[in-house]
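Residues per chain are reported as follows:
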Amino acid sequence: MEVVSEVTPTCGARDDVWIPSTCGLCYGTCSILAHRVDEVLIKLEGNPDSAVGKGRLCGKGVSGLMTHYDPNRVRVPLRRTNPVKGIGIDPGWKEISWDEALDEVAERLRKLRAEDPRKLFIQRTTTVTSSRTPMQVFAGAFGTPNRSSAGGGLHCGNGAHLISGIMHASWSVVPDFQYCNYAVYFGASKGHGAGHASCSNMGMAADARARGMKMVVVDPMCNFAAAKATEWVPLRVGTDAALALAMCNVMVNELGIFDAPYLRAKTNAAYLIGPDKLYMRDVASGKPLVWDSSVNEARAYDAAKPDDMALEGDFTVNGVSCRPAFQLLKTHLARFTPEWAEPITTIPAKDIRRLGTEFGHEARVGSTIVIEGVTVPYRPVAAIAFRGSQGHMNSVYNFLAVDLLNQLVGSADMAGGCLGFNPASHGHPETGRPRYIPKPGPDGLMVTGSWMAHHVPYPIREPRLPEELGMQDLFVLCQTSPFSDSADREEMWKKFELPYRPEILLNYGTNLLMSIANRETVAKSLTQFKFIVSFDLFLTESSEFADIVLPDCDYLESVDSRPNFPFIFSLPGGMGEWCWPIKQPTVKPEGEQRRSSEVLIELADRIGMREDLNAAYNAILKLEGPFRLQSDRKYSYEEVCDAELKTNFGAERGLEWFKNNGLIKWPKKPEEVYWRHFVDVRVPIYWEFLPQLGEKIAALAEPRGLKIPRHYYEPLPDWIPCPAHDDPGSDRDLFAFYYRDIIHTNSFTMENPWLDEAARLDPFSYTIAMNAETGRRKGIEDGDEVWIESRAGRRVKGIVHLTEAVHPEGLGIAACAGHWGDGMPIAKGKGVFFNDLLELDFDHVSPVNLNLDLCVKVKVTRAKGARR
Amino acid sequence: MSVTSGRYEQLIQDLRAEVRPQREWIERQGLLLIVGHFLSGVAAGTWLFSLVFHFPAGLAVAYAIAALSAAAHLGFLGRPARFWKMWHARSSWIARGFVGLTLFLGGGVLYLIPIFLSASPWQSGSLIAQAGYFLALAGMILLLFYKGFVYSSSKGVPFWTSPILPALYLAYALRGGVAALLVICSFNGINLDSSALGLLELWIGISAAVMILFYLGVMSGSSPIEQYSVRELLRGRAAVSFYVGTLLVGLGVPIGIGLTGLGAPLSLGAVALVGLASVIGDFFVKYSIAKAGIYRSLTSSPHWRDKSAAVAGVPPLSVKP
Amino acid sequence: MRWGMAIDLKRCIGCYGCQLSCKAEHGTPPGVFFARVLKQEEGRYPTVRQLFLPVLCFHCDDPPCVDVCPTEASFKWPDGVVDIDAEKCVGCRACMMACPYTQRYYHDEEQFYFPGNGPTPYERARSQRHEAGVVMKCNFCRDRVRAGKQPACVANCPAIARYFGDLDDPTSEVSRLIKDRGGYTLHPELGTGPAVYYLPP
Ligand SMILES: Nc1nc2c(c(=O)[nH]1)N[C@H]1C(S)=C(S)[C@@H](COP(=O)(O)OP(=O)(O)OC[C@H]3O[C@@H](n4cnc5c(=O)[nH]c(N)nc54)[C@H](O)[C@@H]3O)O[C@H]1N2
Ligand SMILES: Nc1nc2c(c(=O)[nH]1)N[C@H]1C(S)=C(S)[C@@H](COP(=O)(O)OP(=O)(O)OC[C@H]3O[C@@H](n4cnc5c(=O)[nH]c(N)nc54)[C@H](O)[C@@H]3O)O[C@H]1N2
Ligand code: SF4
Ligand code: SF4
Ligand code: SF4
Ligand code: SF4
Ligand code: SF4
Ligand SMILES: [Mo]
């Protein structure tokens, strides 16, 4: 990487370099250049060479040095002296040596592993993508299935990632900013504040805006995305499915708009469904049948030409009357009229009808476009969703209903449409790596080519009596589970005869006490661990429950060969470049901090699981040939990184090469970006597997006294209210919800004084957004301090900001603030701790994917006397 | 909470707010500037009338007051040690004030020494004394005029950018001078033509009152920011000092007594009271007007509002809560 | 030759990237902002918009702040950039009162971002250069521009909403954007002639 010329002449500086690396203040992992002069970092800038961030950083990224040089960082290993654990209880930290710390941790882990490795629970923060590989590898080698990403899946992911995975072979979805003309956002801020590749998307979204892309933002609050939208559509929190289904209905039944060829060739729309809601299957091959209109008989889906497949009609096959899945969908949709949706969503029927019509017309069904000499279908409309709309009891249907809009007009992964983040890669031209392409699985349905979590979303695992403490092996459609911390976890484990109990928690950063739900419940679960080890930068509210805290190196002191891989996560979607940057140390730690990646290797060695660790690295990093790790040798993490880079990019391009060059990139091909047109896979618009799955889970659950509500397991999406929607409480008249602040990452960055200062100047960051008219009605003035109280009687306090920019029934709270611990003094007392309002038990998660319900019906009262 | 962090908290609140009051020229060291302004006015006025009434004691007092004013100014500066750099008077009224003060103090000393020091190497009426006389006179004139212009050239604070202020502050400087004389005389029982002074005092007092009313009238008729400042003065942070200090003590008392004095000549005590009250009023008029200063707001800029309002005209959605 | 900036309010997403990248570039002390982002609401629910207004020193053609400065610490470079020579500043704050755009900040006394902890290594390297008792403001990243770079806030803006260039050159990107998009300045009625233009949303 050529050294960029000095910005401000620092005369006589011996050491003066710009080091290419990767930001770590959120999971966007933008490429940075760190300017070091005389061993001190004086500036972080974006790396213009990189496709990730394209040389520009968000406000958090440019402020990284204030986190890095925070005097409150943990610098030495700590052991608690006070055996009593609880919120606000002083652990009585005592500084200990690394050897003492590692000996104790290794000893306990060794014993536990011999006894039952599953008793180890491993948890990492989503914020640091680089922690994924080392923690996953360690868990694999240790032999525990129990891994979690704290609030991660529970809040943002169990719906979004499951459905993006099954329908788009990716972790998440985004509009094809380069070609899209009409995007509808259902509770996502992509390109305007948060989300995957968030910084890169800001530039791409701005280009789209300048180009004239229309953007409709469906959101209870007119915050970041809505601020830039051509139209803001305020809705009642959690009712997205109702709006999306009504829009689908308008398109299909009122306007007759849908992409028949796409539905026939790329989905299971033509599969014949019997009265039992299941596929009609070919007796011999067991393959699902379609109706071949060229010969007027049923055939296996892969025996008929797509053009001949019937999408509509009633048929009889071997005496059983059946209908194509699309016919069922069409009939199903008919009941979701705009008039039906209006009272649920509060959006006027005429507007819903208009939105459905606009979406259908803008889709230009049937059109094609030539991109770099390649002809692909042109569907310049996208319906995207993320954390907001899927963070509810109805997680699956909310997200699925939204994606149906794309599937019906065939805009899924087509030019201008709704793209998964890079689902297909042909690899670097010289090495053909990394190569992954979605492929057909059971019943011709798509299996992703690349994935983040332990099991791919499809094919669906067989539910079984749980061996994982999160019971992901019973509720197989969930990624992250509430049962590692929930109020009813012991009850669940008893019910389902979990053969063991977790004893040791190995935590990486996660501040779960704040980031999951009400702290009382989470605290209780934490106190039940016999021993907690935490890799930390700061003593968070959660680390106060740890027995040993290990001071970690931060992103500017660490190394990672794949900060931005898998590409399905935070590499910008659409045409452009493949880009594989690395993360490398830019300075030495000021204290005794050690890299958790190295510490884990050291621990593995002391536990006596070196072979298993190396084997796990070989498997998970797909190391090959001369670069496979030998089972008996001890490798440093740098060596592991070197091996992965050489495996992928050739012997001459190891860690050293990347340290100098920062990254490698090559152009994307239309065949990769618009892969769906070229790959013969189908996605389910009809989730035939759901009813069966429901039955299978019920067969295990109901004899043990856990009712599985079947209406969540129907093959076609519906709108099902959240507990908040049927809360009878008359004085609880507002729906509290949260949203990401553009200058804060979850619970992390309130400790950064630059970001904190900016947030204090912002009208919303640390306040509760209440509709001005609602405030007037309640006699609440701007700046009043109020109590927010949930049905369960949980209360949080905050300062009200009256605004026109929020739904009259909504109460918008930014970020994951409200720290109370002393370990992050700048963050302490700033903002509002929304999560303390959230219940954490089976009754408040989706019974399908266990996504937490993130809307709460609340009562708001003025804290007495308070007014400022 | 250290002073600075106290200031910091205050600044954060100010920057959040729609309207941001100026604090640099009124709070903490800022107060010294107001004192300095006030003293320099009184000094110049006193010097003027002491010359008119050939009253050497007055000259001495005026000189002392000016010296105090200089000290106050220095105390206010963030970098007092660099005060000597403030001579770039091309367009800066602060610089002109500084030059005025320098001339006054420099010339004054040349003029006064022979008057009070018999052993002085030069005599009154000598060339040096004459030079001193004219230098001090020039300084005096600058001091009488500059501060009003310091405020009226502060484009950032609409409330101040009014041509009335220079006139008003000139009036107050003169009045301050008369008042100071009244006080001095009454205290050492010297009998100057106090009724003439009283009349003068009354006349300036009334004209000052008229100017203030006119000033407020104009301001409350202009942009929101000025109106807000007027509110600050009449109902807000500056109200007490304005009503009590400026109006009641500063104008009410002197004018009241002055009017009663039109008939019978005033007792020395009454004269002293008139003087003191006027002097106090002189301070508080500056204090109140400085305190009511509000910075111009950016989002209130006409273009920005019109142009941005356009985007707000999104397709209307009639949402039923 | 006159340096100027155009800020595209259609592209701007109010991310504070300018405010913070400026802090990172200059190590400005707590409470001193060369760049800021203001937020404002327009309209009534549900026809409402959040509007963002990124501001900085406008490097006025006829800068009142320079006129009132008694020491010539505040001055204008031939290329139009209005700057402060900290060595000359006596901290009289007349310029703060004169700036119609509240873009000047008084650095009253040395202060760091972690109270009670003294300066971080970064602050030692970057913030301690700024002397106390003087007024500070944006200098259009003079050092960067001299080194042939864009100002920090321009180079970093994630939405590519800020453009920097020569206003005197009608062919420069800024000049063309201002002409084509009908760029406007704030409080033009004051005749200060700002060098920072806004492109309508
Ligand atoms: N109210 C509210 N709740 C939320 C969210 C929200 O926006 N608002 N977001 C939800 C979502 S989607 C998610 S994914 C979760 C995220 O919840 P968490 O996973 O807890 O993530 P953060 O809150 O960002 O906390 C990140 C932690 O990682 C630590 N850390 C940072 N860098 C390093 C490092 O290099 N090494 C080590 N060892 N530690 C490090 C920081 O100290 C910080 O405490 O929160 C969920 N909860
Ligand atoms: N700046 C910043 N960037 C981040 C993060 C961060 O904390 N800060 N966190 C990272 C992580 S872990 C994640 S998961 C992503 C999340 O990225 P996003 O999904 O964009 O996160 P949110 O802002 O929580 O939710 C998006 C929008 O949903 C709205 N919303 C809330 N409830 C509902 C609802 O019921 N329906 C609808 N239609 N909208 C609703 C909110 O008002 C918000 O505007 O961001 C990542 N990037
Ligand atoms: S988006 Fe995330 S990764 Fe990118 S610069 Fe901002 S904080 Fe860093
Ligand atoms: S950095 Fe760019 S987009 Fe962000 S606030 Fe500043 S001008 Fe707007
Ligand atoms: S904006 Fe203010 S500080 Fe900047 S040049 Fe204009 S008057 Fe001076
Ligand atoms: S504060 Fe400094 S720059 Fe401002 S006017 Fe006074 S001397 Fe000039
Ligand atoms: S031009 Fe430079 S100094 Fe001015 S605001 Fe931008 S970054 Fe800050
Ligand atoms: Mo997340």
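See above for the structure.
Residues numbered from 1 in each chain as written. Chains lettered and ligands numbered in written order. Predicted model: local features only at pLDDT ≥ 70, side-chain atom pairs only at ≥ 80, totals over all residues. Heavy atoms only, no water.

Chemist: Before we move on, can you summarise the overall build of chain A with the specific residues and values?
Modeler: Helix and strand counts for chain A come out as 27 helices and 33 strands. In summary, chain A has a C-alpha radius of gyration of 26 Å against a globular reference of 29 Å for 868 residues, a match within 12%. For chain A, the C-alpha atoms occupy an extent of roughly 80 × 70 × 60 Å along the three principal directions. Out of the 868 residues belonging to chain A, those deemed buried represent 71%. The long-range fraction of contacts in chain A, counting pairs at least 24 apart against all pairs at least 6 apart in sequence, stands at 71%. Just so you have it, chain A exposes about 25,500 Å², and 52% of that area is on carbon and sulfur atoms. (Helix = DSSP H or I, 4+ residues; strand = E, 2+ residues; numbered from the N terminus. Rg over C-alpha atoms; globule rule 2.2 N^0.38 Å. Buried < 20%, exposed > 50% of the residue type's maximum accessible area, 1.4 Å probe, protein only. Contact = heavy atoms within 4.5 Å. Areas by Shrake-Rupley, 256 points an atom, 1.4 Å probe, with all protein chains shown as cover.)

Chemist: Would you mind going over the overall build of chain B in detail, with residue names and values included?
Modeler: Along chain B, the regular secondary structure elements total 11 helices and 0 strands. Put simply, chain B runs from its N terminus to its C terminus through helices and strands in the order α-α-α-α-α-α-α-α-α-α-α. Taking the principal axes of its C-alpha atoms as reference, chain B extends roughly 90 × 50 × 40 Å. Residues counted as buried form 52% of the 321 residues belonging to chain B. Long-range pairs, those at least 24 residues apart, make up 74% of the contacts in chain B between residues at least 6 apart in sequence. Charge-centre separation for chain B: the mean point of 22 positive side chains lies 7 Å from the mean point of 11 negative side chains. (Lys, Arg positive; Asp, Glu negative; His and termini not counted. Charge placed at Lys NZ, Arg CZ, Asp CG, Glu CD.)

Chemist: Would you mind going over the pattern of salt bridges in detail, with residue names and values included?
Modeler: For side chains bearing opposite charge, pairing can occur when the charged atoms are close. All names here are of chain A. For the structure shown, the criterion picks out 92 salt bridges over all chains. Of the charged contacts in the structure, one is a salt bridge between Lys494 and Glu490, with a shortest N-O distance of 3.8 Å. Placement of the pair is Lys494 and Glu490 together in helix α16 (residues 489-495), with a separation of 4 residues, close to one helical turn. A relative accessible area of 29% means that Glu490 is categorised as partly exposed. The partner of Glu644 in a salt bridge is Arg562, and the shortest N-O contact between them spans 2.8 Å. Taken together, the positions of Glu644 in helix α22 (residues 637-649) and Arg562 in the loop between β25 (548-551) and α19 (567-570) put the pair 82 residues apart, joining distant regions of the chain. (Salt bridge = Lys/Arg side-chain N within 4 Å of Asp/Glu carboxyl O.)

Chemist: Give me the lowdown on the site of ligand 4, citing residues and values where you can.
Modeler: Lining the immediate environment of ligand 4, one finds 13 residues, of which Cys12, Ile13, Cys15, Cys18 and Cys157 of chain C sit closest. Here the shell around ligand 4 is composed, by residue class, of 10 nonpolar, 2 polar and 1 charged. (Near = heavy atom within 4 Å. Nonpolar A, V, L, I, M, F, W, Y, C, P; charged D, E, K, R; others polar.)

Chemist: Can you explain the sheet that holds strand β1 (residues 3-8) of chain C? Please cite residues and give values.
Modeler: All names here are of chain C. One open sheet holds the 3 strands; their spatial order is β8-β1-β9, and the pairing between them is mixed. The open sheet is flanked by β8 (162-166) and β9 (196-199), the only strands paired with a single partner. Neighbour to neighbour, the strand axes of the sheet diverge by 25 degrees on average, direction disregarded. Where β1 lies against β9, 4 bridges are found, and the strand directions are parallel. Residue pairing for β9: Ile7 is matched across the bridge by Tyr198. Against the sheet, helix α7 (residues 173-181) engages β1, β8 and β9, with an angle of about 115 degrees to β8. (Pairing = 2+ DSSP bridges. Axes fitted to C-alpha atoms, helices over the stretch in contact; angles between N-to-C directions.)

Chemist: Please give an account of the packing of aromatic side chains that cites residues and values.
Modeler: Describing an aromatic ring pair means giving the distance of the ring centres and the angle of the ring planes. Applying the stated criterion across every chain, the model contains 55 aromatic pairs over all chains. Cluster of aromatic residues (ring-pair linked, three or more members): Phe565, Phe567, Trp578, Trp580, Phe649, Trp657, Phe658 and Trp666 of chain A. Sitting above the plane of the Trp93 of chain A ring, Arg80 of chain A keeps its charged end 6.0 Å from the centroid. The ring of Phe33 of chain C carries Lys23 of chain C above its face, with NZ or CZ at 5.1 Å from the centroid. (Phe/Tyr/Trp six-rings, centres within 6.5 Å; stacked < 30°, edge-to-face > 60°. Lys NZ or Arg CZ within 6 Å of the ring centre and 35° of its normal.)

Chemist: Tell me about the interface of chain A and chain C, and please be specific about residues and values.
Modeler: Counting from both sides, the interface comprises 65 residues of chain A and, opposite them, 51 residues of chain C. For the pair chain A and chain C, the summed buried area comes to about 4,700 Å², and 60% of that belongs to carbon and sulfur atoms. Counting every contact that joins chain A to chain C gives 5 salt bridges. For Lys39 of chain C, the salt bridge is made with Asp762 of chain A, and the minimal N-O distance between the two is 2.7 Å. Inspection of the chain A/chain C interface yields 24 residue pairs in polar contact (both at pLDDT 80 or more). Secondary structure elements with two or more residues in the side of chain A that touches chain C: β3 (40-46), α1 (59-62), α2 (64-68), α7 (198-211), α8 (224-227), β11 (231-233), α26 (753-761) and β31 (795-803) of chain A. Among the elements that make up the side of chain A that touches chain C, the one with the highest residue count is α7 of chain A (7 residues). (Buried area = accessible area lost by both parts, 1.4 Å probe. Polar contact = N/O pair within 3.5 Å; in protein donor to acceptor, adjacent residues only side chain to side chain.)

Chemist: Mind laying out the side chain of Ser395 of chain A, listing which residues take part and the relevant values?
Modeler: Residues and elements named next belong to chain A. Mapping Ser395 onto the fold places it in helix α15 (residues 395-409). Exposure remark for Ser395: the relative accessible area of 0% places this residue in the buried category. If we skip the residues at most four places from it in the chain, Ser395 touches Gly159, Gln390, Ser846, Asn849 and Asn851.

Chemist: Now, about helix α9 (residues 240-254) of chain A: what can you tell me, with residues and values included?
Modeler: Residue and element names in this part refer to chain A. Along its 15 residues, α9 runs 20 Å from first to last C-alpha, staying within 8% of the 21 Å computed at 1.5 Å per residue. Of all the 15 residues making up α9, 13 are buried; the element is thus mostly covered by neighbouring parts of the structure. Gly256, located one to two residues past α9, shows a positive phi value of around 65 degrees. (Expected span 1.5 Å × (residues − 1).)

Chemist: Talk me through the side chain of His155 of chain A; I want residue IDs and the actual numbers.
Modeler: All names here are of chain A. Along the chain, the position of His155 falls in helix α5 (residues 151-157). A distance of 2.7 Å separates the side chain of His155 from the backbone oxygen of Ile516, its partner in a polar contact. Here Tyr738 takes part through its side chain, which lies 2.7 Å from a polar atom of the side chain of His155. The residues contacting His155, other than those within four sequence positions of it, are Arg387, Gln390, Gly391, Ser515, Ile516, Tyr738, Asn835, Leu838, Asn851, Leu852 and Leu854.

Chemist: For the nonpolar core, give the residues involved together with the corresponding values.
Modeler: Judged by nonpolar contacts, the single largest core of 259 residues is most densely connected at Phe138, Phe186, Phe326, Phe359, Phe475 and Trp687 of chain A. If near-sequence neighbours (up to four positions away) are discounted, Phe186 of chain A is found in contact with Val218, Asp240, Leu243, Ala244, Met247, Ala383, Ile384, Ala385, Phe386, Ser389, Val402 and Leu405 of chain A. Core analysis: the second largest hydrophobic core is formed by 105 residues, Val237 of chain A together with Leu20, Leu56 and Phe164 of chain C among them. (Core = buried A, V, L, I, M, F, W, Y, C linked by side-chain atoms within 4.5 Å.)

Chemist: Could you give an account of the site of ligand 5, with specific residues and numbers?
Modeler: Surveying the vicinity of ligand 5 reveals 13 residues, the closest of which are Cys57, Cys60, Cys65, Cys99 and Arg104 of chain C. By residue class, the composition of the shell around ligand 5 is 10 nonpolar, 1 polar and 2 charged.

Chemist: Got a sec to walk through α26 of chain A? Specific residues and values, please.
Modeler: The periodicity of an α-helix, 3.6 residues per turn, causes residues three or four positions apart to be oriented the same way. Within α26 of chain A, 9 of the 9 residues are buried, which leaves it mostly tucked inside the rest of the structure. Where α26 of chain A begins, the capping side chain belongs to Asn752 of chain A, and its oxygen is found 3.0 Å from the backbone nitrogen of Trp754 of chain A.

Chemist: I'd like a rundown of the packing of helix α4 (residues 132-142) of chain A against helix α20 (residues 596-607) of chain A, residues and numbers included.
Modeler: All names here are of chain A. Contact pair α4 / α20: the axes reach a minimum separation of 10 Å and the direction vectors enclose 10 degrees. Here α4 is positioned roughly parallel relative to α20, judged by the angle of their axes. Of the residues in α20, those in contact with Pro134, Met135, Phe138 and Phe142 of α4 are Ser597, Leu600, Leu603, Ala604 and Ile607. Looking at the contact of α4 with α20 residue by residue, the class counts come to 8 nonpolar, 1 polar and no charged. (Parallel < 35°, antiparallel > 145°, perpendicular 65-115°, else oblique.)

Chemist: Please set out the interface of chain C and chain B residue by residue, giving values where relevant.
Modeler: Each partner contributes to the interface: chain C provides 62 residues, whereas chain B provides 54 residues. At the boundary of chain C with chain B, total buried surface from both sides reaches about 5,000 Å², with 61% on carbon and sulfur atoms. Linking chain C with chain B are 4 salt bridges. Of the charged contacts, one joins Arg93 of chain C and Glu24 of chain B as a salt bridge, the two residues approaching to 3.2 Å between their closest N and O atoms. Inspection of the region where chain C meets chain B yields 27 residue pairs in polar contact (both at pLDDT 80 or more). Going through the elements one at a time, β2 (35-44), β3 (47-56), α2 (64-67), α3 (94-98) and β6 (105-107) of chain C are the ones with two or more residues in the side of chain C that touches chain B. By residue number, the principal contributor to the side of chain C that touches chain B is β3 of chain C, which donates 6 residues. Of the residues in the side of chain C that touches chain B, the class split is 37 nonpolar, 13 polar and 12 charged.

Chemist: Talk me through unusual backbone geometry; I want residue IDs and the actual numbers.
Modeler: Cis geometry is found at the peptide bond from Phe565 of chain A to Pro566 of chain A, where omega equals 0 degrees. Here the amide bond leading from Tyr45 of chain C into Pro46 of chain C is cis, since omega sits at -5 degrees, within 30 degrees of zero. Tracing the sequence through the fold places Pro46 of chain C in the loop between β2 and β3. A positive phi angle, close to 70 degrees, is found at Tyr16 of chain C, a residue other than glycine. Here Tyr16 of chain C shows up in the loop between β1 and α1 (17-26). Note on Tyr16 of chain C: relative accessible area 1%, which makes it buried. Here the phi dihedral of Cys141 of chain C falls at roughly 50 degrees; this positive angle occurs in a residue that is not glycine. As for its position among the elements, Cys141 of chain C is in the loop between β7 (134-136) and α5 (142-146).

Chemist: Lay out the layout of surface pockets with the relevant residues and their values.
Modeler: Residues and elements named next belong to chain C. As a volume, the second largest pocket reaches approximately 590 Å³. In this structure, the second largest pocket is lined by 24 residues; those nearest its centre are Asp83, Ile84, Ala86, His130 and Asn139. Broken down by secondary-structure element, the contributors of at least two residues to the lining of the second largest pocket are α1, β5 (82-84), β7 and α5. The residue makeup of the lining of the second largest pocket, split by class, is 9 nonpolar, 4 polar and 11 charged. (1 Å grid on protein atoms, 1.4 Å probe; cavity = no way out; pocket = protein on both sides within 12 Å on 5 of 7 lines; lining within 4 Å. Points joined across faces, edges and corners; volume = space filled by probe spheres on them.)

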